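Okay, here's what each chain looks like letter by letter:
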Amino acid sequence: SWWQPSGLVSQPRRVAITFDDVPLTGSPHARCDADVLERLTNRLVGQIEALGIPATGLVVESRMCKALRPTVLPRLLRVWIEAGLDLGNHTFSHPDLNDTPPEAYKADIVKGEATVRSVLEASGMELRYFRYPMLHAGASVRTKVAIETFLVERGYTIAPVTIDNQEWVFAAVYSRARQRRDSATARRISEAYLSHMDEAFHFYERLSLDLLGYELPQVLLLHANELNADLLGELAGLLEGRGYRFISLDEALEDPAYRRPDEYVGRRGLSWLQRWAVAEDLDIPPEPREPAWVAELFRTY
């Protein structure tokens, strides 16, 4: 079975780290608080820069309340640019393509371009990357082709994900614990999060070996949130312990595996490794999930 260790490891392993929902998600209290938004952005980006991670952030303007967008949002996006990082478009309002008519979805993509494009161009950069919210890329062939064609016409490269995970669940309960000053729960969530990420990397490393015969340069999905503002250094240490070095999304996508077509059509938000595997009718076990007690906290805490 592919999920059993085989001893085949490509060294050094490589991973591009991407952050969805820039400037910040998972902290509802911060959406209209410029001081909190700036503090958390500076903490997260400061860690990315200190760790030497050439990250890409995918922007969702509606994560910030309307009153702050004209002034605070450009300032926060410039923090990413001035740290030598890249930015892409993750739509304006994070709509679900499974439930959004293609024309409305296209309009939301265009609306989501305005601020990030102007900030990038002011620094001599181009807006190149787009990522689907929830990794939902079309539940029908017609919708999938319509949106992919639209993205190509607007000059986008789709930002794939090979290592998907439940980080967003951990982030939500971690933020609640911090709000309540419940340090014991926050610490327990932190430890479970890092363990989950270790499991997720093992799972997708094995899937890459089984599907491709080697470990491709991975693309990790994270989010701009309080959890990563606090724990990115520990996560980076975990990945370095697994033999990874950090590369840009540009460098990762140079691998020929990323030229494989994405033929998955359906409602699930899958990693690209899973999409390719489904297209080849490969039988794979379910990906790692959060522990039951974290799922319960997510529902009730």
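Since we're looking at a predicted model, the values are computed, not measured. Every chain begins its residue count from 1, and numbering advances along the sequence as written. Reporting of local features is limited, given that this is a predicted model, to residues whose pLDDT is at least 70; pairs of side-chain atoms are given and counted only at 80 or more, and all residues count toward the totals for whole chains, interfaces and linings. Based on all heavy atoms of the structure, the side-chain values leave hydrogens and waters out of the count.

1. A closer look at the nonpolar core
Our working rule: We call a set of buried residues a nonpolar core when its members are Ala, Val, Leu, Ile, Met, Phe, Trp, Tyr or Cys and they connect through side-chain atoms within 4.5 Å of each other. Think of it in three bands: with a 1.4 Å probe and only protein chains considered, a residue is buried below 20% of the maximum accessible area for its type, exposed above 50%, and partly exposed in between. Only DSSP runs of H or I with at least four residues qualify as helices, and only runs of E with at least two residues qualify as strands; both kinds are numbered from the N terminus onward. A contact between two residues is defined here by any heavy atoms of the two lying within 4.5 Å.
Core analysis: the biggest nonpolar cluster contains 98 residues, and F19, L220 and L239 have the highest contact counts within it. Examining the composition of this core, we find that 13 residues originate from one element, helix α7 (residues 183–212), more than from any other. Apart from the residues lying within four places of it in its own chain, the contact partners of L220 are V15, A16, I17, T18, I163, N165, M197, F201, L235 and L239.

2. Re the packing of helix α2 (residues 72–82) against helix α4 (residues 114–122)
Counted only if it meets this: Convention adopted: a line fitted to C-alpha atoms gives each axis, helices being fitted over their contacting stretch, and angles between N-to-C directions are expressed from 0 to 180 degrees. Orientation labels follow simple angle bins: below 35 degrees gives roughly parallel, above 145 gives roughly antiparallel, 65 to 115 gives roughly perpendicular, and whatever is left gives oblique. Helix crossings are classified by the rotation of the near helix relative to the far one: an anticlockwise turn of less than a right angle makes the crossing left-handed, while a clockwise turn makes it right-handed. Note that Gly is not counted as nonpolar here; it falls among the polar residues with everything else outside the nonpolar set of Ala, Val, Leu, Ile, Met, Phe, Trp, Tyr, Cys and Pro and the charged set of Asp, Glu, Lys and Arg.
Following both chains from N to C, one finds α2 and α4 inclined at 50°, their axes separated by 10 Å at the closest point. In terms of their interaxial angle, α2 and α4 are classed as oblique. Note on packing geometry: the crossing formed by α2 with α4 is right-handed. Contacts between α2 and α4 involve L73, P74, L77, R78 and I81 on the former and, on the latter, T115, V116, V119 and L120. Classifying every residue of the contact of α2 with α4 gives 7 nonpolar, 1 polar and 1 charged.

3. Regarding the state of the cysteines
Our working rule: The rule for a disulfide is simple: a pair of cysteine sulfur atoms within 2.5 Å.
The final tally for this structure, using the stated rule, is 1 disulfide. With its sulfur 2.4 Å from that of its partner, C32 forms a disulfide with C65. Residue C32 is found in the loop between β1 (13–22) and α1 (34–50), and its partner C65 is found in the loop between β2 (56–59) and α2; the two are separated by 33 residues along the sequence. On the basis of relative accessible area, C65 is assigned to the buried category, the value being 9%.

4. Points about α2
Taking burial as the measure, the 11 residues of α2 include 8 buried ones, the bulk of the element. Residues of α2 that are buried include every one of V72, L73, P74, L76, L77, V79, W80 and I81, and no others. In this structure, the buried side of α2 is in contact with β1, α1, β2, β3 (86–89) and α4. G84 occupies a position one or two residues after α2 and carries a positive phi of about 80°.

5. Digging into the layout of surface pockets
Here is the rule we go by: Only protein atoms enter the 1 Å grid used here. Points where a 1.4 Å probe fits but cannot escape make up a cavity, open sets with protein on both sides within 12 Å along at least five of seven lines make up a pocket, and a residue lines them when an atom lies within 4 Å of a point. Grid points are joined across faces, edges and corners, and a volume is the space filled by probe spheres set on the points.
Each pocket or cavity is described by its volume, and for the largest pocket that value is around 560 Å³. Surrounding the largest pocket, 28 residues form its lining, M134, N165, W168, L221 and H223 being those nearest its centre. At the level of elements, β1, α6 (167–179) and β6 (218–223) are the ones that each hand at least two residues to the lining of the largest pocket. Per element, the largest residue contribution to the lining of the largest pocket is 3 residues, and it comes from α6. A per-class count over the lining of the largest pocket returns 10 nonpolar, 11 polar and 7 charged. Reported here for the second largest pocket is a volume of approximately 260 Å³. At the level of elements, β5 (157–158) and α10 (272–279) are the ones that each hand at least two residues to the lining of the second largest pocket.

6. Some remarks on the side chain of Q274
The cut-off we apply is this: Between N or O atoms, a polar contact is any pair within 3.5 Å; within protein, one atom must be a potential hydrogen donor and the other a potential acceptor, and residues adjacent in sequence are included only when both atoms are from side chains.
In this structure, Q274 sits in helix α10. The buried category is assigned to Q274, whose relative accessible area is 2%. Among the polar contacts made by the side chain of Q274, one reaches the main-chain amide nitrogen of S271 at a distance of 3.0 Å. Excluding anything up to four places from it in sequence, Q274 contacts F203, Y204, L207, I284 and E287.

7. Things to note about the confidence of the model for the protein chain
Threshold: Residue-level confidence of the predictor, termed pLDDT, takes values from 0 up to 100.
In this model, the protein chain carries an average pLDDT of 94, and 96% of its residues clear a pLDDT of 70 or more. Counting interchain partners and residues more than four positions distant, the pLDDT-below-50 stretch residues 1–8 has 17 contacts.

8. Here we look at a nonpolar patch on the surface
Our working definition: Patch rule: a residue counts if its relative accessible area is over 30% and it has no salt bridge; like charges are joined within 9 Å, and nonpolar side chains (Val, Leu, Ile, Met, Phe, Trp, Tyr) within 5 Å. A 1.4 Å probe and the Shrake-Rupley method give the accessible areas. Residues count as covered only by the protein chains that appear here. The rule for a salt bridge is simple: a side-chain nitrogen of Lys or Arg has to be within 4 Å of a carboxyl oxygen of Asp or Glu.
Taken together, the side chains of V141, V145 and V265 present a nonpolar region at the surface, about 230 Å² in accessible area. Inspection of the secondary structure puts V141 in helix α5 (residues 141–153).

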